[in-house]
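Results of the structural survey
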Amino acid sequence: DSSGTFVQLRVTLVQTACRKRAPRQNCKTLENRRKPTCLACYKFDSSDVPKVLDKYHNCGPSHHLAVKEIKQRDEAECRAVEEAGKSSDVLYLPGMYAFSKGLPA
């Protein structure tokens with residue numbers, strides 16, 4: 001895509017028995033705990049030092065009653081991020097254009 005690189009990550013988190021700041025050792029996962037699913041979408045431009053054109057991230061519980069609605073919203077948000085930077089999606093920013101008054105003809 002000439003407008004940049006789109007990256008989408010989906011991660012399921014699991015609660016463990018380890019303490020937060022303890023060194024990571026063989027941590028056992030706790031059964032029957034909530035397992036939130038996180039989605040992150042990023043769009044980077046295609047320059048040598050890529051800049052983030054747009055981003056979206058959301059972590060939600062997988063047991064929630066409205067999981068289907070959350071997934072649909074997440075998909076729509078990620079599609080919008082993916083379209084960032086394309087010519088049809090260019091936003092006007094103040095100072096982007098300058099105009100001067102012409103002399104009468």
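Residues numbered from 1 in each chain as written. Predicted model: local features only at pLDDT ≥ 70, side-chain atom pairs only at ≥ 80, totals over all residues. Heavy atoms only, no water.

1. Some details on the packing of aromatic side chains
- Counting across every chain of the model gives one aromatic pair.
- Pairing Tyr42 with Phe44 gives two aromatic rings, centres 6.2 Å apart and planes at 20°, and the pair type is stacked.
- Relative accessible area serves as the criterion here: at 24%, Tyr42 is assigned to the partly exposed category. (Phe/Tyr/Trp six-rings, centres within 6.5 Å; stacked < 30°, edge-to-face > 60°. Buried < 20%, exposed > 50% of the residue type's maximum accessible area, 1.4 Å probe, protein only.)

2. Points about the state of the cysteines
- Taken as a whole and judged by the stated rule, the model has three disulfides.
- For Cys18, the disulfide goes to Cys27, at an S-S distance of 1.8 Å. Measuring handedness by torsion sign, the sulfur bridge of Cys18 and Cys27 sits at about -110° and is left-handed.
- Given the relative accessible area of 26%, Cys18 is considered partly exposed.
- Residue Cys27 is classed as partly exposed on the basis of its relative accessible area, which comes to 27%.
- Through a disulfide, Cys38 is tied to Cys59; the S-S separation comes to 2.0 Å. As the torsion about the S-S bond is roughly 115°, the Cys38-Cys59 disulfide counts as right-handed. (Disulfide = S-S within 2.5 Å.)

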